[in-house]
Every structure is written in structure tokens, then in C-alpha cells.
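Per-entry structural report
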Amino acid sequence: MIAFQGIHKSFGDKVVLSGIDLQIRDREITFIIGASGTGKSVLMKMAAGLLTPDSGRVIVDGEDVTDFGEDRWQRIRTRYALVFQHPNLFDSMTLRENVALPLRKHRGISRKAAFFAAIEFLAMVGMEDKADLMPDEVGPSQRKRVSIARALTLDPTCAILDEPTTGLDVVASRTIDDLISRLARELGKTVVVVSHDLRSIFGVADRIIFLYKGRVHLDGPSQAFHASRDPVVRQFIGGEPDGPMET
Amino acid sequence: MPGRSLDTGPAGAAAASRRPRFLDAVSAALAIAVRPVGKGFLDACTIVGGMTLLQVRIFRAMIPPSFDYDETLRQFEKVGVRSLAVVIMTSLFVGALMLVQTGNFVRDTGATSMVGWATGLTVLAEVGPVLIGLMFSGRVGANNTAELGTMTITEQVDALRVLGIDPVRHLVVPRFVAMCVMLVLLTCIGDLFAITGAAIACQLIVGIDVRVFWQGLLEGHLVGEFVMGLVKGFFFGGAISIVSCYWGLRVEGGAEGVGRAVNNSVVTSAIAIFVVNFLVTMLWV
Ligand SMILES: Nc1ncnc2c1ncn2[C@@H]1O[C@H](COP(=O)(O)OP(=O)(O)O)[C@@H](O)[C@H]1O
Ligand SMILES: [Mg+2]
């Protein structure tokens, strides 16, 4: 369980988050949506201890982790996987080595066994046939899929995916949607997804949280979102350039 | 009276205000002169403090010793192979140069037997390690800062962190180990080539029989100097790895930031080499 309490964050003069209160419930698929630059990625990085809020608390599994140092975060991070918005594979390693690295580091298994296991994880995202290529030999959307596979190697209880389907073609996007459903429905994991992809939002979300102007603007199941008469929400769903929404 | 007071009034006021204005100007000038010094001092403290902290984290990560063999091997190969050619070239010419300098001097004074000893002493104890250290920092240190800097701005370092892998343990420790060991080895190789260069120059340029050179070198009992050179190489390797990793891991702001960091890294490494060289020599003799 991750909870954000009264989170404020500014970069210089730019206020990004101004009082975020929300709780991610276990075993649910929660989608975080909102216009670009509203601070969704910033919020997700806070859940992984890469950024600290200016004020407010971050609670993970009932523990206040806001002021945790690097050492104590290391422990939590093996249970909470974060896939970055911009794929960040280790560019000096093959795709297979990328996926095998966390296994070798945390499972204490041999290179050979880790390489073998890595293939299974690559297969989950349909990348097993490219295992021995370097990251710069495949496209950005394929790198993104591999970074999802890498994040799942440690069998995290919670997976945070920052725009997993942005830049992917429709077929690949649906593969990721299926993976997200499977993680939650079959494997009982908590999944948090930042997304702009309406098809995946309305296809798989249990709950949708709409961020606007640094705050939670709407929070509820997909149906509530569809039914909402809020002009800003309607504009976001409709994708109209003109409307009350400030970007 | 009213006229006089009218006369002195503004003049007095001007005099009264002139002094504070002058003082203001002086203090403003002082502030302008001192502020960069103060800021520079604070920056230097931040940098030295940050590097010390990194060193502490390296040692903590090495106990118990848990190396990433893949990464360490890769670093060994990269560090060694990258710098071998440049070390050999530099050493050959510097050895020759040292001999030409001392050779001309001893030939004039007639003390030709000194030539081996004098060249050996300077090459093994001072010039060899320092020059090789500087070449190494320009080649390997700069490259290392650029590599870690790129990893930092492309969030590869953050990727390690979110996978529960300590970047210091995974990235910095292998580089630290590789650079310490490799710089000792390279100093050995550099010594060898510098002496070879000196021997060649002795025979061909200065015209002193090379056997006189060898005899002077061997009778000079320079084992202590040789070992001191290796110790220096070890500490230079440590210093260059810490400096270059420090700058690489704190890069901000894109490619431009990487460029700045590489620059800082090379300058700081050079300073560190001279400081470490001074300290080791002082403690040794
Ligand atoms: N490390 C940082 N330094 C300065 N500004 C940042 C940093 N990270 C994010 N920002 C700013 O915060 C705002 C929100 O960014 P982000 O969370 O990436 O938005 P999004 O909702 O599209 O994911 C952006 O304006 C961005 O420029
Ligand atoms: Mg984002």
C-alpha cells in the first residue's frame, strides 16, 4: 500500500504538486492520468524514493518512508518496481544481461541460471527473440517493453508503470494491457499505471485518479469517470483543444 | 548667519554623506572581491566533502568484499587497454628527455657514472608516476566521468537504484579497484619503457656508453624509489577513480552538463595527483 499525504513539490519557482492526498489500494489496478507536465512522473518517483516532497508524507506499507536514507530504501525497492517513462536500459549490456542483472544481484544465482530465467521474463513482453541485441539495436518501444520485463524479475508486490504504452503500436499496447491485467488478476499484484492511452485506461483500470493543477481532481472507478459531467474531465476524455482545461 | 548656514549646509551635508558613501564603496568593493573567494571556498569544501563521503561509501561497500566480476573485469580491460599505448609512448620520450638533460650536465662535469642513477631516481620516484597519472586521468578518468555522467542523465543510475542495486557498489567499486591496480601495473610498464628510452638516448644522443648507464642505475639501489613510485601509482589510481566518479554521478542538465563535469574531473584529478604526490613523498622520506 502506498499513501501520499499532503504532498507539495516545486522545482525552483514552478509549483508542480500542491497538496496531493491519495492512497493506492492493494491488488487493484490504479491509473493515474492527467495532462503532460502535471507531475505524474514526479509523484511516481517519490513512491520509489528518487525524489522527496517539499512537504507532506509518503507512506509505504504503513511505514513513513519520507525521510528514509538510501540504505533503507534499497530494501523497499526490491518489493516495489518502477518502470520509468523513458526507457533506461543499461546501454553497455545486452537485453538479456539487462534483465538478468537484478536476478544475479538479489537471487544469488549463477550467470547461466540468470540468463536462462531472463528469457522467460523477456517472453512476457514478447521480446525473447531479441535477447542478445544491445539496447541501441532495437527501437524505443521495444526498449520500454524490456524495461518492464526487467522490473518484474524481482517478483515485486507492486509495479508502477510510467506510461508503459506511450509510443507502442496498438498490438504491442494490448500485450502490455493483458500483462497488466494478468499481474493484478492472476498474480495478485498491485499495479499503478500512468497513462494517456484511453483504450488501456477504460479497458483495464479498477480505479482512475485524475490529476489537475497539482491536485487530485477526480478519483473513482472507470464508470464514474465516464459518467462525470466535470467540464475539465470531459475535455480530457474528448481530447478537445478548446475548453476550460489549463495546460 | 542664515547665508552662511545656507552655504555650509549643503557642503556639510555633502561632507557628511561623502564619508559613508566612500565607506560604502569600499565595503562594496571588498564584498565583490571577497565573495567569489568565499564562494570558491564553500564550493571547494562541498567538493572535498562529497569526495570524502564517496570514499567512505566505497570502503563500506567493499566490506564484505562482494565484487561484480563482470563489471570489474570489463573495467580492467577498458582501463588497461585504453591507456597502454599512451603510457608507453609518453614513457619512452620522457625517459629519453630526462637522460638528455642529465647527460649533458654530467658529461660537462665528467661524472658520467652519475647518469644512470640520476635518471633512474627522477624517473622512478617522481616523473614516471606523475606523468603516467596525468595521462591516465586525461584518458581514463575523463572517459569515466563522461560514461557515468551519461548514465546519470539518462536515468540508468536511477534504474539501478530502483532495482535495489547500490550504484556505488555496482559502478564505483569496480572502477576504483580497476584503476588502483591498473595504475600500479601501468607505472611498472611505464618505468620499464622510460628506462629503455633513457638507455637508447644515452647511447645514441648523448654518446655515453650504455654500460655506464646500466651500471649507475643498478648500483644506485633504487628499489625504494621504485616501490615509492608504485605506491604513488596506487594512490593516484584511487584519487582519479574517486574524482572521476564523483563528477560523473552528480551531472545535471544534459550533454552540456556532461561536458562541464568532464572538464571539472580532469582539473580536479590533476590537482589531486600533485597533492597526493607531495603527501606520499613527504611521508616516505
Ligand atoms: N528533476 C527535475 N528538475 C526540475 N524540474 C523537473 C524535474 N522533474 C520534473 N520537473 C518538472 O516538473 C513538471 C512535471 O513533470 P512530470 O512529472 O514529468 O510530468 P508528467 O505529468 O508529464 O509526468 C514538469 O514541468 C517538469 O519540467
Ligand atoms: Mg511523465
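Predicted, not measured: the structure shown is a model, and the values here were computed from it.

**So, the site of ligand 1**
Residue and element names in this part refer to chain A. Lining the immediate environment of ligand 1, one finds F11, K14, V16, A35, S36, G37, T38, G39, K40, S41, V42 and Q85. G37 has a polar backbone atom sitting 2.7 Å from an oxygen atom of ligand 1. At a separation of 2.8 Å, an oxygen atom of ligand 1 approaches a polar backbone atom of K40. In the complex, the protein chains occlude 61% of the 560 Å² of accessible area that ligand 1 would expose alone. Residue assignment for the shell around ligand 1 shows that the elements contributing at least two residues are strand 2 (14-24) and helix 1 (40-47). Split by residue class, the shell around ligand 1 holds four nonpolar, six polar and two charged.

**Comments concerning the packing of helix 3 (residues 114-153) of chain B against helix 6 (residues 210-219) of chain B**
Residues and elements named next belong to chain B. Packing of helix 3 against helix 6 brings their axes to within 6 Å, and their N-to-C directions diverge by 55 degrees. What the angle tells us is that helix 3 and helix 6 run oblique. The interaxial crossing formed by helix 3 with helix 6 has right-handed handedness. Contacts between helix 3 and helix 6 involve V115, G116, W117, T119 and G120 from the former and F213, G216 and L217 from the latter. Partitioned by chemical class, the residues of the contact of helix 3 with helix 6 number four nonpolar, four polar and no charged.

**A short note on the domain arrangement of chain A**
Residues and elements named next belong to chain A. Taken domain by domain, chain A consists of domain 1 (1-79 + 157-247) and domain 2 (89-155). Placing a centre on the C-alpha atoms of domain 1 and another on those of domain 2 gives a separation of 25 Å. Counting residues at the interface gives 15 residues for domain 1, matched by 10 residues for domain 2. Carbon and sulfur atoms supply 71% of the area that domain 1 and domain 2 bury against each other, a total of about 1100 Å² over both sides. Where domain 1 touches domain 2, the interface holds one salt bridge. For the salt bridge of K189 with D155, the shortest nitrogen-to-oxygen distance reads 2.6 Å.

**Considerations on the pattern of salt bridges**
Applying the stated criterion to the full structure yields 27 salt bridges over all chains. Of the charged contacts, one joins K9 of chain A and D54 of chain A as a salt bridge, the two residues approaching to 3.8 Å between their closest N and O atoms. Placement of K9 of chain A in strand 1 (residues 2-11) and of D54 of chain A in the loop between helix 1 and strand 4 (55-60) is noted, with a sequence separation of 45 residues between them. Between D43 of chain B and K39 of chain B there is a salt bridge whose closest N-O contact spans 3.1 Å. Here K39 of chain B and D43 of chain B lie together in helix 1 (residues 2-61), a separation of four residues that amounts to about one turn.

**Concerning the coordination of the magnesium ion (ligand 2)**
Residues and elements named next belong to chain A. Within the protein, S41 (OG) and Q85 (OE1) serve as the donor atoms for the magnesium ion (ligand 2), at 2.0 to 2.1 Å. A residue pair is termed long-range when its members are at least 10 positions apart, and S41 in helix 1 and Q85 in the loop between strand 6 (80-83) and helix 3 (95-107) qualify at 44 residues. Relative accessible area serves as the criterion here: at 21%, S41 is assigned to the partly exposed category. Classification of Q85 by relative accessible area gives partly exposed; the value is 24%.

**Considering the interface of chain B and chain A**
Contacts between chain B and chain A engage 18 residues on the former and 28 residues on the latter. Considering only the surface of chain B that becomes buried against chain A, R161, V162 and L163 of chain B emerge as the three largest contributors, covering 32% of it. In this structure, the connection of chain B to chain A is made through five salt bridges. The closest approach of N and O atoms between R161 of chain B and E70 of chain A, which form a salt bridge, is 2.7 Å. Scanning the region where chain B abuts chain A turns up 13 residue pairs in polar contact (both at pLDDT 80 or more). At six residues, helix 4 (residues 156-162) of chain B tops the list of elements feeding residues into the side of chain B that touches chain A.

What counts, and at which threshold
- Residues numbered from 1 in each chain as written.
- Chains lettered and ligands numbered in written order.
- Predicted model: local features only at pLDDT ≥ 70, side-chain atom pairs only at ≥ 80, totals over all residues.
- Heavy atoms only, no water.
- Near = heavy atom within 4 Å.
- Polar contact = N/O pair within 3.5 Å; in protein donor to acceptor, adjacent residues only side chain to side chain.
- Areas by Shrake-Rupley, 256 points an atom, 1.4 Å probe, with all protein chains shown as cover.
- Helix = DSSP H or I, 4+ residues; strand = E, 2+ residues; numbered from the N terminus.
- Nonpolar A, V, L, I, M, F, W, Y, C, P; charged D, E, K, R; others polar.
- Axes fitted to C-alpha atoms, helices over the stretch in contact; angles between N-to-C directions.
- Parallel < 35°, antiparallel > 145°, perpendicular 65-115°, else oblique.
- Left-handed = near helix turned anticlockwise from the far one by under 90°.
- Contact = heavy atoms within 4.5 Å.
- Domains from an automatic or database assignment.
- Buried area = accessible area lost by both parts, 1.4 Å probe.
- Salt bridge = Lys/Arg side-chain N within 4 Å of Asp/Glu carboxyl O.
- Donors = N, O, S within 2.8 Å, 3.2 Å for Na, K, Ca; no water.
- Buried < 20%, exposed > 50% of the residue type's maximum accessible area, 1.4 Å probe, protein only.

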